[in-house]
Amino acid sequence: MYTTSTALLEALHEAGVKYLFANFGSDHPAIIESLTDASEKNKELPKVIISPHEFVAMSAAHGYAQATGDPQAVIVHVECGTQNLGGAIHNAFKAKVPVLVFAGASPHTQEGEMLGSRNEFIHWFQDVNDQRGIMRGYSKYDNEIRTGKNVKQLVFRALQIAKSEPQGPVYLMGPREAMEEKTERVELDPSLWEPISPGTLANEHVSELVTDLLKAKKPVVITSYLGKQEERVHELVKLCNRLAIPVIESVPQTMNFPFNNELHCGYQWNENKQHPILEKADFVLVIDSDVPWIPTKNKPPKKAIIYYIDADPLKEDMPLWYIPSKRFFRADSLLVLQQINKAINRRRTIDNEQIESRREIITNFHRQMIKQLREKEKMHANVITPEYLTASVREIIDENTIILNEAITSYGIVNSHIGHTEPGSYFSSGAGSLGWNGGAALGIKLAKPNKTVISLTGDGCYYFSIPSVVHTMAEQYDTPFLTVIYNNYGWNAPRHSTLGVHPDGIAKRHNKFWIDFNDKSNLAKVAEATGNAFGAQVSDPKELKDVLKTALDHVKQGRSAVVDVQIARI
Ligand SMILES: Cc1ncc(C[n+]2csc(CCOP(=O)(O)OP(=O)(O)O)c2C)c(N)n1
Ligand SMILES: [Mg+2]
């Protein structure tokens, strides 16, 4: 027995995919047959992770790829399952995370003409005009598997596109008859389907950039996802240390620059304040960042010379996007940083005195910033502030921990009060459809079983993550992690958004923002019920640290834990 479905699964295995996050249906009999056949014959295929909701499946593949760089596969049921991927496809696409999604499609014969022909009422309902259109706008590539004869080529091509920068999700669909088709095994060499090679700068561009950089008195680097690759972080540290360049992380998706480096000048999310260093900058290197600043709140001066380096400097998928950059380079940030560092080493006239005086100013700024942060995280008598909560988490973690941040109006607080220092130790979704945290934690733990994984989430984002599904899967697949809910009993963000546009509006005057949740709900019980997690609620600041420690002990012993912390609405 060797069908299109066997070839599809075999292709995924040969391409290095380890997991299939799967939600099966009437479109998948051939896949189920092939999986059982392989399992009975001890033939190695990717491991199936049964995912009771597609959003969690996709978020888990997202997290796995963030932690490893390796795309996994998500298998969903026709157009319905594709739609249930929901915001998770927005997240993978916008965050540039590689995932291969396969969906079956309704049979295209109805009188038994072929194996797989319609035999259930649902096949008429699930036959839609443009199933692939659901993913268009949120995938780099989509195609239909029409025969088993070249399904491997389609899978390898799809993965080549997914892994090439800018990375992203890809979509294949196959109608039932095509997936049942008997076919011959095709041998392909995976090494001939590698992602496109990373790009560098032309020599004259390196030289121009370095000349402008060395002329600058107040240069600054801004980045968001440079830390996708550890080597990039080291190369950026090398450059910044050599020239005493301050770094600002804007909307950080990864750990990009160690917070304990005294050139780190903080994180920017939606804060309504001009960053004092960016305000005075005369040179800005934006490297790996979609949103380096929000011009209505914070921006460099008009005179600053800006260079923009990214795998996707045109942002063709963002209809409105521009920054006043002198040059836009499509290139790999590691290679570019290596080019810049080498070019600087070759320069003979570098004003080291100026660099050292700048280092002193930036170091003072950093120290002052840390002092203010420590002030803010002091315990208050009756209420847990997000700063105190984050500092308490920081105190119980070690260097073997990965933190996930979906704390929304506490996004920046999580960054500055954890203060990540190790590449790969921190992730946010990198996009805007909420609920990534639960599935992503599961995927990251699957990828890095020896790490302690901690998800810091708003209460709204906890609901969005479908915790019942996340925790039943976490137990079934032995991926224990700690969730800490920053629970302000509602959506604080739309309140901030309303005040941002209408600071003295009627909503403010009546303190009526339409964002409040049921405050009697015990959120941790969901995880207890479906995943046998340890659950706790805390509102007393004095009890917080002990509860967090107990919860973390449970996680270290192999049981997930959810700590629901009542925090002040800020
Ligand atoms: C799928 C989705 N639905 C709605 C939103 C709009 N939204 C942005 S932030 C937010 C509130 C999140 O609530 P919570 O996690 O409790 O964080 P808080 O705002 O309270 O800090 C909402 C509803 C979104 N971004 N994505
Ligand atoms: Mg909230």
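Please refer to the structure placed before this passage.
Summarised in this report is the structure supplied together with it. Note that the structure is predicted; figures quoted are calculated from it, not measured.

Brief notes about the overall build of the protein
Then, number 1: The helix and strand tally for the protein stands at 23 helices and 18 strands.
Then, number 2: Compactness check: the protein gives a C-alpha radius of gyration of 25 Å against a globular reference of 25 Å for 570 residues, within 12% of the reference.
Then, number 3: Seen along its three principal axes, the alpha-carbon backbone of the protein occupies a region of about 80 × 60 × 50 Å.
Then, number 4: Scored against the burial criterion, the 570 residues of the protein give a buried share of 57%.
Then, number 5: Of the contacts formed within the protein by residues at least 6 apart in sequence, a portion of 77% connects residues at least 24 apart.
Then, number 6: Total accessible area computed for the protein in this model is approximately 24,600 Å², and 51% of it derives from carbon and sulfur atoms.
Then, number 7: For the protein, the distance from the average site of its 62 positive side-chain charges to the average site of its 67 negative ones is 8 Å.

Observations regarding the packing of aromatic side chains
When we look at a pair of aromatic rings, we describe it by the centre distance and by the angle of the planes.
Then, number 1: Within the structure shown, the criterion is met by 13 aromatic pairs.
Then, number 2: Each ring, one from Y463 and one from F517, has its centre 5.2 Å from the other, and the planes form 90°; the classification is edge-to-face. Taken as a pair, Y463 in helix α18 (residues 459-464) and F517 in the loop between α21 (506-510) and α22 (524-531) lie far apart in primary sequence, 54 residues in all.
Then, number 3: Joined through ring pairs, the aromatic side chains of Y19, F21 and Y64 make up one cluster.
Then, number 4: Directly above the aromatic system of W124 lies the positively charged group of R118, at a separation of 5.1 Å from the ring centroid.
Then, number 5: Between the NZ or CZ atom of R495 and the centre of the ring of F513, over which it lies, the distance is 5.9 Å.

Overview of the coordination of the magnesium ion (ligand 2)
Then, number 1: Protein ligation of the magnesium ion (ligand 2) involves D459 (OD), N488 (OD1) and G490 (O), the donor distances falling in the range 2.0 to 2.1 Å.
Then, number 2: Binding-site remark: the magnesium ion (ligand 2) is held by donors from one chain whose sequence spacing is D-x28-N-x1-G. One end of the pair, D459, is in helix α18; the other, G490, is in the loop between β16 (482-487) and α20 (492-501), with 31 residues separating them in the sequence.
Then, number 3: On the basis of relative accessibility, which here comes to 2%, the residue D459 falls in the buried class.
Then, number 4: Residue classification places G490 among the buried positions, given a relative accessible area of 3%.

Overview of the environment of A524
Then, number 1: Topologically, A524 is positioned in helix α22.
Then, number 2: Each residue touching A524, except ones within four places of it in the same chain, is listed here: Y462, G535, A536 and V562.

Some details on the sheet that holds strand β7 (residues 219-223)
Then, number 1: With parallel pairing, the 6 strands of this open sheet are ordered in space as β9-β8-β7-β10-β11-β12. Both edges of this open sheet fall to β9 (264-268) and β12 (327-330), since each of them pairs with a single strand only. The sheet shows a mean angle of 15° between the axes of neighbouring strands, direction not considered.
Then, number 2: As paired strands, β7 and strand β10 (residues 283-287) are joined by 4 bridges and run parallel to one another. Bridging across to β10, V220 finds its partner in V284.

What about unusual backbone geometry?
In terms of backbone geometry, most residues other than glycine have negative phi values and most peptide bonds are trans.
Then, number 1: Residue P166 follows E165 across a cis peptide bond; omega there is -10°.
Then, number 2: Residue position: P166 is located in the loop between α8 (151-163) and β6 (169-175).
Then, number 3: Unlike most non-glycine residues, D478 shows phi in positive territory, near 55°.
Then, number 4: As for its position among the elements, D478 is in the loop between α19 (467-476) and β16.
Then, number 5: Even without being glycine, N532 reaches a positive phi, approximately 50°.
Then, number 6: Topologically, N532 is positioned in the loop between α22 and β17 (534-538).
Then, number 7: For N532, a relative accessible area of 42% corresponds to the partly exposed category.

Focus on the pairing of β6
Then, number 1: Of all the 7 residues making up β6, 7 are buried; the element is thus mostly covered by neighbouring parts of the structure.
Then, number 2: Residues of β6 alternate between two faces, with P169, Y171, M173 and P175 on one and V170, L172 and G174 on the opposite face, all of them buried.
Then, number 3: Sheet topology places strand β4 (residues 99-105) next to β6; 7 bridges connect them, and they run parallel. Paired with F102 across the bridge in β6 is L172.
Then, number 4: Inspection of the sheet shows strand β5 (residues 141-144) paired to β6 by 4 bridges, in the parallel sense. Residue pairing across strands places D142 opposite Y171, the latter belonging to β6.
Then, number 5: In this region the chain leaves β5, passes through α8 and returns to the parallel neighbour β6; the handedness of that crossover is right-handed.

Some details on the packing of helix α3 (residues 54-68) against helix α5 (residues 87-94)
Then, number 1: Relative to each other, α3 and α5 sit at 15°, their axes nearing to 8 Å. Relative to α5, the element α3 is oriented roughly parallel. Along this stretch, α3 crosses α5, giving a crossing that reads as left-handed. Contact residues: α3 offers F55, M58, S59 and H62, while α5 offers G87, A88, I89, N91 and A92.

Thoughts on the nonpolar core
Then, number 1: Counting residues in each nonpolar core, the largest one holds 85 residues, and the members touching the most others are V284 and L389.
Then, number 2: Residues in contact with L389, not counting those within four places in the same chain, are I384, V484, Y486, L544, L548, V565 and I567.

Re the layout of surface pockets
Then, number 1: If you add up the space inside the largest pocket, you get close to 1,700 Å³.
Then, number 2: Elements represented by at least two residues in the lining of the largest pocket include exactly β9, α14 (352-376), α16 (411-418) and α20.
Then, number 3: Sorting elements by how many residues they give to the lining of the largest pocket places α14 first, with 6 residues.
Then, number 4: Lining the second largest pocket are 39 residues, and of these E165, Q167, K228, Q229 and R232 sit closest to its centre.

Describing the sheet that holds strand β3 (residues 73-76)
Then, number 1: The parallel open sheet is built from 6 strands, whose spatial order is β2-β1-β3-β4-β6-β5. In this open sheet, the two strands that pair with only one neighbour each are β2 (47-50) and β5. When strand polarity is set aside, the average angle formed by the axes of neighbouring strands in this sheet is 20°.

Cut-offs and rules
Residues numbered from 1 in each chain as written. Chains lettered and ligands numbered in written order. Predicted model: local features only at pLDDT ≥ 70, side-chain atom pairs only at ≥ 80, totals over all residues. Heavy atoms only, no water. Helix = DSSP H or I, 4+ residues; strand = E, 2+ residues; numbered from the N terminus. Rg over C-alpha atoms; globule rule 2.2 N^0.38 Å. Buried < 20%, exposed > 50% of the residue type's maximum accessible area, 1.4 Å probe, protein only. Contact = heavy atoms within 4.5 Å. Areas by Shrake-Rupley, 256 points an atom, 1.4 Å probe, with all protein chains shown as cover. Lys, Arg positive; Asp, Glu negative; His and termini not counted. Charge placed at Lys NZ, Arg CZ, Asp CG, Glu CD. Phe/Tyr/Trp six-rings, centres within 6.5 Å; stacked < 30°, edge-to-face > 60°. Lys NZ or Arg CZ within 6 Å of the ring centre and 35° of its normal. Donors = N, O, S within 2.8 Å, 3.2 Å for Na, K, Ca; no water. Pairing = 2+ DSSP bridges. Axes fitted to C-alpha atoms, helices over the stretch in contact; angles between N-to-C directions. Right-handed = clockwise from strand over helix to strand, strands pointing away. Parallel < 35°, antiparallel > 145°, perpendicular 65-115°, else oblique. Left-handed = near helix turned anticlockwise from the far one by under 90°. Core = buried A, V, L, I, M, F, W, Y, C linked by side-chain atoms within 4.5 Å. 1 Å grid on protein atoms, 1.4 Å probe; cavity = no way out; pocket = protein on both sides within 12 Å on 5 of 7 lines; lining within 4 Å. Points joined across faces, edges and corners; volume = space filled by probe spheres on them.

Everything listed here is a matter of coordinates, which is why it stays silent on function.
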